[in-house]
Amino acid sequence: MNQMFYFKIMNNKADAVMIFLFLLLVPALVSGPFLPDAFLSIIGLIFLIKSFFKKDLIIYYDKKFSLIFLTFFSTIIISSTLSDDILSSFESSLFYFRFYFFSIGVFYLLSKYTFIQKYFLLISLITLCFLSIDSIYQTLFKSSMFLSLPLQNEFRASSLFGEELKLGNFIVRLLPLIYALLTINLYKNKFIIFIIILLGSSILVSGERTALGLL
């Protein structure tokens, strides 16, 4: 990829912001729900505004996907109206449409800038491998390498998640995506097996039975 292509991306500031936020999604997930939710909302909003002014982007609004999402969104809205605690239920369902625009925004980015996939994989791998190595270290030495976070439970490592014992569930839910991207980008089988063993080991030391079952 030449410098002119990078300059073209950076010259399109809206796309540059979307790319930056998308690439940082997995590391942001480690910090809690606020940052990733803000990132995906911003990506969706930017694409919505872009598509409003650029009519040629309408092609990214796939009819089948839109119909399926609209059906699902209508279902959860109706479900919220039937809930015992309507206001609390609407807090999680009413703004769910942001995932629709986020999904289409990511589809747009991946279609226009094919290199993003590899960078997303690289950043995600670095994040997950760090968490895995740190959790194993934490199990052996009762304290994490980073921030010296203590082992919260004698049999359960949590790495940077601290008191939130959800490391295993975090990794196991991203593992299928990582495996797919490794396969698509034609990484060698030995490397893929090594990654799966490393991430699988962190799920094991996390002591989460649900995550182990999913693995």
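Here, the structure is the one placed above.
Quick caveat, the model's predicted, so the values are computed rather than measured. (Residues numbered from 1 in each chain as written. Predicted model: local features only at pLDDT ≥ 70, side-chain atom pairs only at ≥ 80, totals over all residues. Heavy atoms only, no water.)

J.: Let's hear about the packing of helix H5 (residues 63–81) against helix H7 (residues 98–112): which residues, and what values?
T.: In contact at an axis separation of 11 Å, H5 and H7 are set at 160 degrees when each is read in the N-to-C sense. Here H5 lies roughly antiparallel to H7, going by the angle between them. Here H5 runs over H7; the crossing is right-handed. Counted together, Phe-65, Ser-66 and Phe-69 of H5 and Phe-99, Tyr-100, Ser-103 and Ile-104 of H7 form the full contact between these two elements. (Axes fitted to C-alpha atoms, helices over the stretch in contact; angles between N-to-C directions. Helix = DSSP H or I, 4+ residues; strand = E, 2+ residues; numbered from the N terminus. Parallel < 35°, antiparallel > 145°, perpendicular 65-115°, else oblique. Left-handed = near helix turned anticlockwise from the far one by under 90°. Contact = heavy atoms within 4.5 Å.)

J.: Got a sec to walk through the environment of Phe-170? Specific residues and values, please.
T.: One can find Phe-170 in helix H9 (residues 167–184). C-alpha of Phe-170 to C-alpha of Leu-25: the two residues are 145 residues apart in sequence and 13 Å apart in space. Filtering out sequence-adjacent residues up to four positions away, Phe-170 remains in contact with Val-26, Leu-29, Val-30, Leu-128, Leu-131 and Phe-161.

J.: Just give me the short version of H9, but keep the residues and values in it.
T.: A rise of 1.5 Å per residue sets the reference length of H9, with its 18 residues, at 26 Å; its end C-alpha atoms lie 26 Å apart and thus fit the reference within 8%. Leu-175 marks the point of greatest bend in H9, at about 35 degrees, and the proline Pro-176 comes within the next four residues. If you check which residues of H9 are buried, you get Leu-167, Gly-168, Phe-170, Ile-171, Val-172, Leu-174, Leu-175, Ile-178, Leu-181 and Leu-182. (Expected span 1.5 Å × (residues − 1). Bend = angle between axes of the 7 residues up to and from the residue. Buried < 20%, exposed > 50% of the residue type's maximum accessible area, 1.4 Å probe, protein only.)

J.: An account of the pattern of salt bridges is requested, with residue identities and associated values reported.
T.: Side chains that differ in charge, positive against negative, can pair when their charged atoms come close. All chains considered together, the criterion is met by 4 salt bridges. Arg-98 is the partner of Asp-37 in a salt bridge, and the nearest nitrogen-oxygen pair spans 2.8 Å. Of this pair, Asp-37 sits in helix H4 (residues 34–53) while Arg-98 sits in helix H7, and the two are 61 residues apart along the sequence. In this structure Asp-37 comes out as partly exposed when scored by relative accessible area, which is 28%. Of the residues examined, Arg-98 reaches a relative accessible area of 22% and is grouped as partly exposed. One salt-bridge network, in which partners are shared between bridges, spans Asp-15, Lys-50 and Lys-112. (Salt bridge = Lys/Arg side-chain N within 4 Å of Asp/Glu carboxyl O.)

J.: Outline the environment of Thr-71, listing residues and values.
T.: Checked against the element boundaries, Thr-71 lands in helix H5. For Thr-71, a relative accessible area of 46% translates into the label partly exposed. When the C-alpha positions of Thr-71 and Ser-41 are compared, they lie 21 Å apart, and in sequence the two are 30 residues distant. Of the polar contacts made by the side chain of Thr-71, one reaches the backbone oxygen of Leu-67; its length is 2.8 Å. (Polar contact = N/O pair within 3.5 Å; in protein donor to acceptor, adjacent residues only side chain to side chain.)

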